[in-house]
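Listed below, chain by chain, are the residues.
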Amino acid sequence: MSTDATPPDQVAHVLTEALPYIRRFHGQTVVVKYGGNAMVDDELKRGFARDVVLMKLVGINPVIVHGGGPQIGELLERIGKKSEFVQGMRVTDAETMDVVEMVLGGLVNKEIVSLINTHGGRAVGLSGKDGGLIRAQRLTLTRPGPAEQAPEILDIGHVGEVTGIDPALMALLDGADFIPVIAPIGVDEAGVSYNINADLVAGHLARTLQAEKLILMTNTAGILDDDGQLLTGLDAERVRDLIADGTIHGGMLPKVDCALDAVSHGVGATTIIDGRVSHALLLELFTDSGVGTLIHGADARVS
């Protein structure tokens, strides 16, 4: 017998604590943006796959949207192409877009699907181009020009924004008990492909599917105050105050914008969690304390 096995009374406590959350989320959709260290550390990758399978087994409908920026950058470097960023967005010419589709729609997507299936799930990998799932248009960025001149329009190539989500394919997969794993690539009416920020895609999916929860996995503990303490249970007014006083800044701003947009359009709550924590998904969904920063709408339950 193993000497480091969890004592039975602790197992019973964990299961008892999880029961009301399993009941609450049963039959509900939870959209997860999967990224950061959780996508590169082998043990965290396996843990994520097990967590997703468990979610499905207890009656939750997980929908996974993944990133892959580091992997794209690595392949571009290997072929001798330098990555260039403007306002945090990767400049994506036609050649870079080919690499993006190869990495996101192929290598990364299929690895996630394989891991989930290896651990007992039934995952299906999709690009946003499949079945017209993600409709997109070219993202327009501007830069202020000299006084009394119009802002400069920046051309960053095949970088897009979501114009619409077709939920029919999600409903079909859910009805057949599959777990969708989605690469954030969209297509416009002319058939042109676009690389889209995975947080934005996850947010739009959560809105369209009226998800009970949107979970954004990051490489930080969540939103921290000036003393480094985790902030949670935030409503829109409190979030805006934290932006105004500079507590929320930099790379956290787009994630918070995504969270606010989701809860203002019917998503039950958004949580920004630390993907570096083992089994962060289960801790957030099935424990009283949760992990990370929860942002809720005006009439949402804070739990």
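What counts and how
Residues numbered from 1 in each chain as written. Predicted model: local features only at pLDDT ≥ 70, side-chain atom pairs only at ≥ 80, totals over all residues. Heavy atoms only, no water. Helix = DSSP H or I, 4+ residues; strand = E, 2+ residues; numbered from the N terminus. Buried < 20%, exposed > 50% of the residue type's maximum accessible area, 1.4 Å probe, protein only. Contact = heavy atoms within 4.5 Å. Pairing = 2+ DSSP bridges. Axes fitted to C-alpha atoms, helices over the stretch in contact; angles between N-to-C directions. UniProt positions renumbered as here; feature names shortened; annotations may be inferred. Polar contact = N/O pair within 3.5 Å; in protein donor to acceptor, adjacent residues only side chain to side chain.

Trainee: Can you break down the environment of Lys-129 residue by residue, with the values?
Mentor: In this structure, Lys-129 sits in the loop between strand S5 (123–127) and strand S6 (134–138). Among the residues examined, Lys-129 registers a relative accessible area of 32% and is labelled partly exposed. Spatially, the C-alpha atoms of Lys-129 and Val-187 are 5.8 Å apart, while their sequence positions differ by 58 residues. The residues contacting Lys-129, other than those within four sequence positions of it, are Glu-101, Ile-185, Gly-186, Val-187 and Ser-193.

Trainee: Please set out the pairing of strand S17 (residues 293–296) residue by residue, giving values where relevant.
Mentor: On S17, burial covers both faces: Thr-293 and Ile-295 on one face and Leu-294 and His-296 on the other are all buried. Both strand S16 (residues 269–274) and S17 contribute to a ladder of four bridges, which runs antiparallel. From the neighbouring strand, Thr-270 faces S17, where its bridge partner is Ile-295.

Trainee: Outline the sheet that holds S17, supporting the account with residue identities and numerical values.
Mentor: Pairing is mixed in the open sheet, where seven strands are placed in the order S5-S10-S2-S1-S13-S16-S17. In this open sheet, the two edge strands, each paired with only one partner strand, are S5 and S17. The average angle at which neighbouring strand axes cross in this sheet is 20°, direction not considered. Sheet topology places strand S1 (residues 29–34) next to strand S2 (residues 61–66); six bridges connect them, and they run parallel. Each bridged residue has a counterpart across the sheet, and for Val-31 the counterpart in S2 is Val-63. Relative to the sheet, helix H2 (residues 42–57) contacts S1, S2, strand S10 (179–183) and strand S13 (213–218), its axis offset from that of S2 by approximately 150°.

Trainee: So what's going on with the UniProt feature "binding site: substrate" (unreviewed entry) in the protein chain? Residues and values would help.
Mentor: When the UniProt feature table is mapped onto this chain, "binding site: substrate" (unreviewed entry) is found at Gly-68, Gly-69, Arg-90 and Asn-195. Look at the named residues: they lie 128 residues apart in sequence, but the longest C-alpha span between them is just 11.9 Å, so in the fold they bunch up. Within the secondary structure, Gly-68 sits in the loop between S2 and helix H3 (69–78). A residue is classified by how much of its surface remains accessible, and Gly-68, at 9% relative accessible area, is buried. Not counting residues within four places of it along the chain, the set of residues in contact with Gly-68 comprises Val-103 and Leu-104. Within the secondary structure, Arg-90 is located in strand S4 (residues 89–90). The exposure class of Arg-90 is buried, given its relative accessible area of 10%. Sequence-distant contacts of Arg-90, that is, excluding residues within four places in its chain, are made with Gly-69, Ile-72, Gly-73, Leu-76, Ser-83, Glu-84, Phe-85, Thr-96, Ile-156 and Val-159. Within the local environment of Arg-90, its side chain forms a polar contact with the backbone oxygen of Gly-69, the two atoms lying 3.0 Å apart.

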